[in-house]
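# Understanding the architecture of this molecule
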Amino acid sequence: MMEFSFNINAFLKDEITVIDRNHDLLRYSYTRHPKENSQREELIELINKLGTNSAQAQGLNGPVTSVEQLLLSEQRCYILKDEHCARPNGSVIGFLKVGFKKLYFINPDSQQVEVTPLSVLDFYVNESKQRQGHGYRLFSYMMEKENVTPGSLAIDRPSEKMLGFYKKRFNLSAPINQPNNFVVFRDFFSTYVPTTSKQWPDHLRRGPIRLKAVSKPVTVEKETFFTATPTQPLKAKTSPPTTTCNPAAANPAVHGNSNPASCNDFTLPLIYN
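Residues numbered from 1 in each chain as written. Predicted model: local features only at pLDDT ≥ 70, side-chain atom pairs only at ≥ 80, totals over all residues. Heavy atoms only, no water.

It is at 11 Å that the axes of helix 3 (residues 134–146) and helix 4 (residues 160–170) come closest, and there the two elements cross at 70°. Considered as vectors, helix 3 and helix 4 are oriented roughly perpendicular to each other. Touching G135, Y136, F139 and M143 of helix 3 are M162, F165, Y166, R169 and F170, all from helix 4. Looking at the contact of helix 3 with helix 4, its residues break down into seven nonpolar, one polar and one charged. (Axes fitted to C-alpha atoms, helices over the stretch in contact; angles between N-to-C directions. Helix = DSSP H or I, 4+ residues; strand = E, 2+ residues; numbered from the N terminus. Parallel < 35°, antiparallel > 145°, perpendicular 65-115°, else oblique. Contact = heavy atoms within 4.5 Å. Nonpolar A, V, L, I, M, F, W, Y, C, P; charged D, E, K, R; others polar.)

Quick look at the structure:
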C-alpha cells in the first residue's frame, strides 16, 4: 500500500476517483481557501508519487505520469484507494491513466491508417496489492465510464506483465506491435473506425511510406526551346515557314510591277518559350 503523511480521504472521496486538469483542486484560483490550497499541494504530491513508483516498477528512465502532464493534456487518472484501510490517513492501491492519442497504425492488411483511440498510457498497482483483482477493478470501472471495450484500447509500451494481464483478464493474446511502440490486438481493427472516412490514396494502400535518401539531385529531362550563353547569340526554334504572297509579285502584268518577285518569298516568325 502507498501511505502518505496527509489524509487522502479529504480529496479522494470515492473508492475510485477520476483526476484530470478540470478537477477543482488542480484549477488555479485566486480565491481558494487556504485549506484547499493545502489539499491541492497534497494531491500534486500524490499524483507525482504514483508516477514515480510506476516508472520504477517498469524500469523506465523517468515517470510518464505527473501533474504537469495532466494540466497540459486531456489525460485523466483513475486512482484506486483502499476503502478498508484502518489507518486514519488512508492508502492508495494503484492508478490507471488514459487519454486519446492521434496515431498512425499498420493494420493486418499492411495498410497505414490514422486513428485516435483511447489509449492506456500508464498502469500501476502497488506490489503488495497485486494479483488480488485490483487492476481488473480499475480497468472495469474505466471501461464503463469511457464506454469502451478491452480490444478497442491502444496500449503504450506495455510490459510483459501487462500483456499477461490482458491475456488472463480479457482473453486477448497475439498482440500487434506498431512502429510507434503502441500495441493493439486484432479486435481493434475490426471494431475501430479510422479518424478520417476519406478514401486512402494508392501509396497508403500499398503500405507504409518508406523514404530513401539520395546522394545527388534528380535531373528532370524536358524539351528545350532555346539556349543562350554570354558569348553565343540567342538560338530560336522556328515554326514551319509561312508563305507571304504579294499580289503584285504574283501578277506583274496587272499591277505594273517591272521587277517581279517569286511567291516563294516568306517570313520566319520567331518563337520564344
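So, next bit.
A contiguous patch of positive charge, built from R131, K161, K168 and R169, is present on the exposed surface. With respect to the secondary-structure elements, R131 resides in the loop between strand 7 (118–125) and helix 3. Accessibility expressed as a relative area gives 80% for R131, which makes it exposed. (Patch = residues over 30% accessible without salt bridge, like charges linked within 9 Å, V, L, I, M, F, W, Y side chains within 5 Å. Areas by Shrake-Rupley, 256 points an atom, 1.4 Å probe, with all protein chains shown as cover. Salt bridge = Lys/Arg side-chain N within 4 Å of Asp/Glu carboxyl O. Lys, Arg positive; Asp, Glu negative; His and termini not counted. Charge placed at Lys NZ, Arg CZ, Asp CG, Glu CD. Buried < 20%, exposed > 50% of the residue type's maximum accessible area, 1.4 Å probe, protein only.)

With the rule as written, the count across this model stands at 16 aromatic pairs. An angle of 90° between the planes, with centres 5.0 Å apart, marks the rings of F123 and F139 as edge-to-face. With F123 in strand 7 and F139 in helix 3, this pair connects stretches of sequence that are 16 residues apart. Neither residue differs from the other here; F123 and F139 are each classed as buried. Plain terms: the ring middles of F139 and Y166 are 5.9 Å apart, the flat faces sit at 90° to each other, and that makes the pair edge-to-face. With a gap of 27 residues between them, F139 in helix 3 and Y166 in helix 4 connect regions that are remote in the sequence. (Phe/Tyr/Trp six-rings, centres within 6.5 Å; stacked < 30°, edge-to-face > 60°.)

Our next topic: the environment of H134. Structurally, the position occupied by H134 is in helix 3. A polar atom in the side chain of H134 sits 3.0 Å from the side chain of R137. (Polar contact = N/O pair within 3.5 Å; in protein donor to acceptor, adjacent residues only side chain to side chain.)

A separate point is helix 1 (residues 34–58). Taking 1.5 Å per residue, 25 residues should reach 36 Å; helix 1 reaches 37 Å between its end C-alpha atoms and fits that length. Here helix 1 has its buried residues at Q39, R40, E42, L43, I44, L46, I47, L50, G51, N53, S54 and A55. In this structure, the buried residues of helix 1 make contact with strand 1 (2–3), strand 2 (16–19), helix 2 (67–71), strand 3 (76–81), strand 4 (91–100) and strand 7. Once helix 1 finishes, G59 follows within two positions and takes phi at roughly 70°, a positive value. (Expected span 1.5 Å × (residues − 1).)

Below, the discussion takes up the environment of I79. Positionally, I79 belongs in strand 3. Residue class for I79 comes out buried when judged on its relative accessible area of 1%. Look past the residues within four positions of I79 in its chain and what remains in contact with it is L12, E15, I16, T17, I19, L46, I47, L50, V92, G94 and F95.

Take the side chain of N107 next. With respect to the helices, strands and loops of the structure, N107 is situated in the loop between strand 5 (103–106) and strand 6 (112–115). The buried category is assigned to N107, whose relative accessible area is 12%. Within the structure, the side chain of N107 is placed 2.8 Å from the backbone nitrogen of Q111, a separation counted as a polar contact.

With that out of the way, let us pick up the environment of E36. On the secondary structure map, E36 appears in helix 1. Residue E36 is classed as partly exposed on the basis of its relative accessible area, which comes to 36%. The spacing of E36 and F11 is 25 residues in sequence and 9.5 Å in space, taken between C-alpha atoms.

This part covers unusual backbone geometry. Leaving glycine aside, a negative phi is the common case for residues, and trans is the common case for peptide bonds. Backbone geometry at R157 places phi at a positive 45°, although glycine is not the residue there. Mapped onto the elements of the fold, R157 is located in the loop between strand 8 (154–156) and helix 4. Of the residues examined, R157 reaches a relative accessible area of 54% and is grouped as exposed. If you check the backbone angles, A174 has positive phi at about 55° while not being a glycine. Here A174 shows up in the loop between helix 4 and strand 9 (176–177). With a relative accessible area of 58%, A174 lands in the exposed category.

Glancing now at the pairing of strand 5. By the alternation rule, side chains of strand 5 split into L103 and F105, which are all buried, and Y104 and I106, of which none is buried. Inspection of the sheet shows strand 5 paired to strand 6 by four bridges, in the antiparallel sense. Across the sheet, the residue bridging to I106 is Q112, located in strand 6. Hairpin geometry of strand 5 and strand 6 is characterised by an intervening segment of five residues between the two adjacent antiparallel strands and by a positive phi of about 65° at S110. (Pairing = 2+ DSSP bridges.)

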